[in-house]
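# Topology and contacts: notes
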Amino acid sequence: MQLVDPALKLIIIGGKGGVGKTTVAAALALALAKQFKTIVFSTDPAHSLADSFAQPIGDCIVPIHGTPRCYAYELDAERAFKSFMTQHLQELQLIMDTGTYFDQEDIDMLLQLTLPGMDEVMGLKAITDLIEQGEYDKYIIDTAPTGHALRLLAMPDLLDSWVKTFAKLRWKYRTVVSTFRGEYSPDAGDDLLLSLKKAVKRIEALLKNAQQCEFIPVTIPAEMAIAETERLVASLRQYGIAVRRLILNQVVINPSNDALLRAKHEEHRLFRRRVQERFPDLELITIGLQPTEVRGREKLEQFSQFIFPTSAP
């Protein structure tokens, strides 16, 4: 499947820190925007999309200057979680009140706690909700370094566990009510849990749909980076997420007459062969070491031609 295939909706860029993920994500967004209405998200708490595009972005969707079909969004996952808690506070209080022996003070204190990983869950849910609205043709996620990216992709399981825990509380309450009343009518708490359960299924279905979602690892010619990429690809396949191509970035291709560059060129040639041997089933995209920082729309567009020349019209 080509990246320009209209069926491919979600493209996730990931890899070790410092390999150029944000540059690749931003350049890809600009390339695809030539044919599709495209939005690129950053889920990295240390956002750098704004630096890459050389314009303000922040926690809202903004158009990229000079590109009518390209948009960017630096997602604040913590704010997304707080917004969810505020919106559904009454339902959560109802679940806790009917399913536990806590008093109101204990419930309020518990709901003020930040549940581990739930801010990331809500961040991914926000992205999935936006995809379902169908306003854009292509959605690109610029993830944080590998460990964070894998936690992000494991979020459906975490959300599912969270829902199941609350569902157990409701089941006890439902059993008691049914015993004494003879019937049970679902309330707002049940509706919330059902909604979250459906969100889990939607996220899982999207991530594991090879026609709609693809993860593109980015690495560099260095043993630690390549080893981490191996673990990443193995984990992605375990999750059932499609991986079809790999980007090897910052490769010395034209060494000229410089002795140091010639030595690096030979070293990188061997690394490239090693990558081909370790990932024989992946399309390898090699990106040359850039002479200057890739920042701003003009340089990103030039960079994109090295990555996806077929994306250009």
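Here we summarise the structure given alongside this text. Nothing here was measured: the structure is a model prediction, and the numbers come from that model. (Residues numbered from 1 in each chain as written. Predicted model: local features only at pLDDT ≥ 70, side-chain atom pairs only at ≥ 80, totals over all residues. Heavy atoms only, no water.)

### Some details on the sheet that holds strand 1 (residues 10-15)
One open sheet holds the eight strands; their spatial order is 3-4-2-5-1-6-7-8, and the pairing between them is mixed. Pairing within the sheet leaves two strands with one partner each, and these edge strands are strand 3 (62-63) and strand 8 (283-288). With two bridges joining them, strand 3 and strand 4 (residues 70-74) adopt antiparallel strand pairing. By the bridge assignment, Pro63 is partnered in strand 4 with Tyr71. Each of strand 7 (245-251) and strand 8 touches helix 11 (residues 259-278); the most contacted strand, strand 7, lies at about 170° to it. (Pairing = 2+ DSSP bridges. Helix = DSSP H or I, 4+ residues; strand = E, 2+ residues; numbered from the N terminus. Contact = heavy atoms within 4.5 Å. Axes fitted to C-alpha atoms, helices over the stretch in contact; angles between N-to-C directions.)

### What to know about the environment of Gln2
In this structure, Gln2 sits in the segment before strand 1. A C-alpha to C-alpha distance of 9.9 Å links Gln2 and Phe308, two positions 306 residues apart in sequence.

### Considerations on unusual backbone geometry
One non-glycine residue, Ala54, lies in positive phi territory at about 60°. Note that Ala54 resides in the loop between helix 2 (49-53) and strand 3. Judged by relative accessible area, Ala54 falls into the partly exposed class, the value being 41%. (Buried < 20%, exposed > 50% of the residue type's maximum accessible area, 1.4 Å probe, protein only.)

### Some remarks on the packing of helix 10 (residues 223-239) against helix 11
Packed helices, taken two at a time, are described by their axes: the angle between them and the distance between them. At their nearest, the axes of helix 10 and helix 11 sit 11 Å apart, and the two run at 10° to each other. In terms of axis orientation, helix 10 runs roughly parallel to helix 11. Two packed elements cross with a definite hand, and for helix 10 against helix 11 that hand is right-handed. Facing helix 10, whose interface residues are Glu223, Ile226, Ala227 and Glu230, helix 11 presents Phe271, Arg274, Val275 and Arg278. Across the contact of helix 10 with helix 11, the residue classes break down as four nonpolar, no polar and four charged. (Parallel < 35°, antiparallel > 145°, perpendicular 65-115°, else oblique. Left-handed = near helix turned anticlockwise from the far one by under 90°. Nonpolar A, V, L, I, M, F, W, Y, C, P; charged D, E, K, R; others polar.)

### What to know about the environment of Lys37
Within the secondary structure, Lys37 is located in the loop between helix 1 (21-32) and strand 2 (38-42). For Lys37, a relative accessible area of 24% gives the class partly exposed. Through-space distance from the C-alpha of Lys37 to that of Glu135 is 8.2 Å; in sequence the pair is 98 residues apart. Beyond its immediate stretch of four places on either side in the chain, Lys37 contacts Arg69, Tyr71, Glu135, Tyr136, Asp137 and Lys138. Within the local environment of Lys37, its side chain forms a polar contact with the side chain of Glu135, the two groups lying 3.5 Å apart. (Polar contact = N/O pair within 3.5 Å; in protein donor to acceptor, adjacent residues only side chain to side chain.)

### Section: the nonpolar core
Core analysis: the biggest nonpolar cluster contains 53 residues, and Leu10 and Leu207 have the highest contact counts within it. Broken down by element, the residue count for this core peaks at seven residues, all from helix 9 (residues 188-207). The contact partners of Leu207, leaving out residues within four places of it in the chain, are Leu10, Ile12, Leu124, Leu153, Pro156, Cys213, Gly240 and Ile241. Counting residues in each nonpolar core, the second largest holds 36 residues, with Val19, Ala25, Ala225 and Val294 among its members. (Core = buried A, V, L, I, M, F, W, Y, C linked by side-chain atoms within 4.5 Å.)

Nothing here speaks to function; it is geometry throughout.
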